[in-house]
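# Chain and residue survey
Given next are the chains, with one letter for each unit.
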Amino acid sequence: MGLGKINSIGLAQANKVMHLSAIAYNLKKYLKFEQKRSKSGAGRLDLAALVKSALQYLFGTCIKH
């Protein structure tokens, strides 16, 4: 996933990078699983809400300022 080195200053920023990497990895895994499981679009709305809440959790303080 291109995470050989974290180019950020501070533990808080490095923690955000690691969380984003984990989210990307899990989303790729989830999408691959969903494609195999069913072809319906019912789970996509739930996935969009999950991504939105995760990004708001990680960048909530940055977006408010």
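First, a word on scope: everything that follows refers to the structure included in this document. The shown structure was predicted, so the numbers you read here are calculated from the model rather than taken from an experiment.

## Section: the overall build of the protein
Secondary structure assignment for the protein yields two helices and zero strands. The burial tally for the protein puts 12% of its 65 residues in the buried class. Here the protein has roughly 5,700 Å² of accessible surface; of this, 63% comes from carbon and sulfur atoms.

## Here's the deal with a nonpolar patch on the surface
A cluster of nonpolar side chains, Leu 3, Ile 6 and Met 18, forms an exposed patch at the surface whose accessible area comes to about 220 Å². Structurally, Ile 6 can be placed in the segment before α1 (11-37). On the basis of relative accessible area, Ile 6 is assigned to the partly exposed category, the value being 30%.

The rules behind these values
- Numbers given for residues are sequential positions, taken from 1 along each chain in its written order.
- Side-chain atom pairs in this predicted model are given and counted only at pLDDT of 80 or more, local residue features only at pLDDT of at least 70, and totals for whole chains, interfaces and linings cover all residues.
- Heavy atoms from the whole structure form the basis of all side-chain values; hydrogens and water molecules are not counted.
- Numbered from the N terminus, helices here are DSSP runs of H or I no shorter than four residues, and strands are runs of E no shorter than two.
- Three labels apply to residues, based on accessible area from a 1.4 Å probe with only protein chains included: buried if under 20% of the type maximum, exposed if over 50%, partly exposed otherwise in between.
- The protein chains shown are the only cover counted for residues, whose accessible areas, like all others here, come from Shrake-Rupley with a 1.4 Å probe.
- The patches reported here contain residues having more than 30% relative accessible area and no salt bridge. Joining distances are 9 Å for like charges and 5 Å for nonpolar side chains (Val, Leu, Ile, Met, Phe, Trp, Tyr).
- Any Lys or Arg side-chain nitrogen found within 4 Å of a carboxyl oxygen on Asp or Glu counts as a salt bridge.

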